[in-house]
Amino acid sequence: MNEVPCAWATVTVPTRPPEARMTQQPLSSESLSRESTAYRAALDVVRAVEPRVAEAIGQELHDQREMLKLIASENYASPATLLAMGNWFSDKYAEGTVGRRFYAGCRNVDTVESLAADHAKELFGARHAYVQPHSGIDANLVAFWAILAQRVEAPTLERVGVRQINDLSESDWAELRAAFGNQRMLGMSLDAGGHLTHGFRPNISGKMFEQRSYGTDPATGLLDYEALRATAREFRPLIIVAGYSAYPRLVNFRVMREIADEVDATLMVDMAHFAGLVAGKVLTGDFDPVPHAQIVTTTTHKSLRGPRGGMVLCDDSLRDQVDRGCPMVLGGPLPHVMAAKAVALAEARRPEFRDYAQRIVDNARALAEGLMRRGATLVTGGTDNHLTLIDVASSYGLTGRQAEAALLDSGIVTNRNAIPSDPNGAWYTSGIRIGTPALTTRGLGAAEMDEIAALIDRVLTAAEPGTTAKGAPSKAQHVLEPKVAEEISRRAADLLAGFPLYPSIDLG
Ligand code: PLP
């Protein structure tokens with residue numbers, strides 16, 4: 001048996017005899033780890049019904065093990081979290097909230113839902129946690145609905161003197177519907193790193209709200225709070241949304257709340273990307289959104305390292321509206337995912353998680369420094385969180401799309417992203433976003449980050465813009481010599497070989 005340190009715990013895995021390692025022969029069942037036995041048995045059951053699904057599941061593990069995953073929004077959940085999701089909780093309807101369901105027979109769902117909510121409240125120091133949202137976008141919809149219910153619907157019902165919306169006359173209802181459609185939202189612009197759900201036209205939030213954006217100071221790339229304050233004073237939004245998908249610096253939520261209070265707006269923070277850094281106490285004081293915002297939404301699967309899903313934290317004033325997220329904007333809760341959220345949140349409450357969160361940031365900094373030392377230009381000149389944005393247009397003469405494809409050819413998975421005032425627009429972009437939560441889970445540290453910076457720089461230096469079929473310059477096509485892609489893929493695989501992913505799982 002071998003003791004292998006991995007992100008979630010030290011696991012004991014059987015030592016494979018050298019011949020088994022070479023030929024990938026299955027180990028005898030007595031010597032398999034508990035996880036291997038469990039997954040092999042589970043896959044056998046799936047294989048008996050639809051072998052192609054079992055095969056794809058096995059192939060996905062193989063691919064994830066081989067990839068140098070630098071997608072800032074992805075991670076690797078623990079086997080305990082993954083296993084908590086694959087069971088009969090999936091069969092249960094549980095509309096309503098703990099102890100107040102529209103369906104009978106929910107006592108076990110109540111157990112996992114309250115465990116998840118209690119862990120979330122303790123972890124984030126929140127007054128209330130709602131763990132039913134199926135994703136980050138759903139969590140944001142719950143927040144919008146709750147704020148509208150609190151600030152538009154409730155005052156109308158009170159003024160008219162009725163208890164429920166169904167008791168309104170046709171004309172009062174028409175007036176209320178018009179009022180719903182007449183509300184304003186102020187969110188971070190997409191090219192500064194904001195998210196589509198923060199009031200942008202293609203998303204439902206842009207259709208619900210009249211939206212204005214705030215952005216960054218062109219000279220520093222940093223959030224411009226005074227410009228934001230001026231816009232808020234003039235625009236007077238109902239909601240100010242803070243939070244981002246691609247901003248590499250800290251946000252001062254105390255200042256954001258001050259601005260929101262000044263204009264009587266509700267401060268909503270979408271911490272989907274950096275929830276793990278809040279949970280791990282890397283972001284504290286002014287940089288922890290929970291004590292400052294009336295409502296905080298998040299995903300559970302990014303830096304927080306749980307199952308795919310969402311969550312809403314709020315103060316007492318919004319608790320009742322938030323708890324009605326299902327069925328007002330959400331479908332029935334997913335009890336199997338809430339079970340997995342409870343497991344992942346219990347993991348995030350352990351002291352090791354703080355160490356993990358700090359290493360995410362240390363790694364992002366090491367990667368950023370490694371890139372800058374090699375001549376890359378980074379938006380804002382570095383990072384304070386888990387992500388970095390490389391301006392590949394000015395550093396390497398490539399679009400984001402070309403850079404993303406050249407890196408993928410070389411076994412490095414990233415995604416393209418717009419940068420402030422992006423000359424290549426939101427589709428081709430000029431940026432590449434890279435993040436460290438996943439590789440930090442695998443155990444890579446600062447020395448490996450420097451090596452990865454060297455690999456990225458080598459690929460982007462060697463890659464060139466390609467041409468269309470008719471020979472015109474193309475923003476989509478790239479040219480990269482196959483021997484460079486092969487060399488970098490090999491070096492990436494060698495690097496990852498020292499940091500096995502799910503070392504306790506051997507599918508044979
Ligand atoms: N909010 C932010 C800030 C995000 O970055 C994302 C996804 O990347 C979401 C919300 C949406 O999360 P989901 O894909 O779980 O709906």
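Analysis parameters
- Residues numbered from 1 in each chain as written.
- Predicted model: local features only at pLDDT ≥ 70, side-chain atom pairs only at ≥ 80, totals over all residues.
- Heavy atoms only, no water.
- Core = buried A, V, L, I, M, F, W, Y, C linked by side-chain atoms within 4.5 Å.
- Buried < 20%, exposed > 50% of the residue type's maximum accessible area, 1.4 Å probe, protein only.
- Helix = DSSP H or I, 4+ residues; strand = E, 2+ residues; numbered from the N terminus.
- UniProt positions renumbered as here; feature names shortened; annotations may be inferred.
- Contact = heavy atoms within 4.5 Å.
- Polar contact = N/O pair within 3.5 Å; in protein donor to acceptor, adjacent residues only side chain to side chain.
- Patch = residues over 30% accessible without salt bridge, like charges linked within 9 Å, V, L, I, M, F, W, Y side chains within 5 Å.
- Areas by Shrake-Rupley, 256 points an atom, 1.4 Å probe, with all protein chains shown as cover.
- Salt bridge = Lys/Arg side-chain N within 4 Å of Asp/Glu carboxyl O.
- Lys, Arg positive; Asp, Glu negative; His and termini not counted.
- Domains from an automatic or database assignment.
- Buried area = accessible area lost by both parts, 1.4 Å probe.
- Pairing = 2+ DSSP bridges.
- Axes fitted to C-alpha atoms, helices over the stretch in contact; angles between N-to-C directions.

Student: How should I be thinking about the nonpolar core in this particular structure?
Tutor: The nonpolar side chains of a soluble globular protein tend to be buried with one another. Among the nonpolar cores identified, the biggest contains 58 residues, and Phe124, Ile240, Met256, Leu304 and Leu313 are the most heavily contacted of them. Sorting elements by how many residues they give to this core places helix H5 (residues 107-124) first, with seven residues. Ranked by size, the runner-up nonpolar core spans 36 residues in total, among them Tyr396, Leu398, Ala403 and Leu455.

Student: So what exactly am I meant to see when it comes to the UniProt feature "site: Plays an important role in substrate specificity" (unreviewed entry) in the protein chain here?
Tutor: UniProt records the feature "site: Plays an important role in substrate specificity" (unreviewed entry) at His301, using the numbering of this structure. The topology assignment puts His301 in the loop between strand E11 (295-299) and strand E12 (310-314). Residue class for His301 comes out buried when judged on its relative accessible area of 10%. Once residues within four sequence positions are removed from consideration, His301 is found in contact with Ser73, Asn75, Gly306, Pro307, Arg308 and Gly309. At 3.4 Å, the side chain of His301 and the side chain of Arg308 are in polar contact.

Student: What is the right way to read a nonpolar patch on the surface from this model?
Tutor: Taken together, Tyr93, Phe102 and Tyr103 make up a surface patch of nonpolar side chains, about 360 Å² in accessible area. Mapped onto the fold, Tyr103 is located in the loop between strand E5 (100-101) and H5. Accessibility expressed as a relative area gives 35% for Tyr103, which makes it partly exposed.

Student: How should the side chain of Glu95 be read in this particular structure?
Tutor: Topologically, Glu95 is positioned in the loop between helix H4 (79-85) and strand E4 (96-97). In this structure, Glu95 is buried with no salt-bridge partner, the nearest side chain bearing the opposite charge being Arg101 at 9.7 Å. Residues within four places of Glu95 in sequence aside, it is in contact with Arg100, Arg101, Phe102, Tyr103, Cys326, Pro327 and Pro333.

Student: Looking at this model, I keep getting lost on the UniProt feature "binding site: (6S)-5,6,7,8-tetrahydrofolate" (unreviewed entry) in the protein chain. Mind explaining?
Tutor: Taking the numbering used here, the UniProt-annotated feature "binding site: (6S)-5,6,7,8-tetrahydrofolate" (unreviewed entry) corresponds to Leu190, Gly194, His195 and Leu196. Mapping Leu190 onto the fold places it in the loop between strand E7 (184-188) and helix H8 (204-208). Residue Leu190 is classed as partly exposed on the basis of its relative accessible area of 34%. The residues touching Leu190, leaving out its near neighbours within four places in the chain, are His195, Leu196 and Phe200. By relative accessible area, which is 8% here, Gly194 ends up buried. Not counting chain neighbours up to four residues away, the residues in contact with Gly194 comprise Met188, Ser189, Gly243, Tyr244 and Ser245.

Student: Before we go on, may I ask you to explain the domain arrangement of the protein chain in this structure?
Tutor: It is common to give the size of an interface as the accessible area lost on bringing the parts into contact. What the domain assignment reports for the protein chain is domain 1 (88-349) and domain 2 (352-498). The centre of domain 1, based on its C-alpha atoms, is set 31 Å off from the matching centre of domain 2. Of the residues lining the interface, 25 residues belong to domain 1; the matching set on domain 2 comes to 27 residues. Taken together, the two surfaces of domain 1 and domain 2 that pack against each other cover about 2100 Å², and 60% of this comes from carbon and sulfur. The tally of links between domain 1 and domain 2 comes to one salt bridge. Between Arg249 and Asp384 there is a salt bridge, with the nearest N and O atoms lying 3.1 Å from each other. On the surface where domain 1 and domain 2 come into contact, there are 12 residue pairs in polar contact (both at pLDDT 80 or more). Elements that contribute at least two residues to the side of domain 1 that touches domain 2 include exactly helix H11 (275-279) and helix H14 (335-348).

Student: I tried to follow the sheet that holds strand E16 (residues 431-435) on my own but got confused; where do I start?
Tutor: By way of backbone hydrogen bonds, the strands of a sheet pair with one another, either parallel or antiparallel. In space, the three strands of this open sheet follow the order E13-E16-E15, with antiparallel pairing throughout. The two strands at the open ends of the sheet, each matched to only one other strand, are strand E13 (387-391) and strand E15 (415-417). Sheet twist, expressed as the average angle between the axes of neighbouring strands with direction ignored, equals 40 degrees. Where E13 lies against E16, five bridges are found, and the strand directions are antiparallel.

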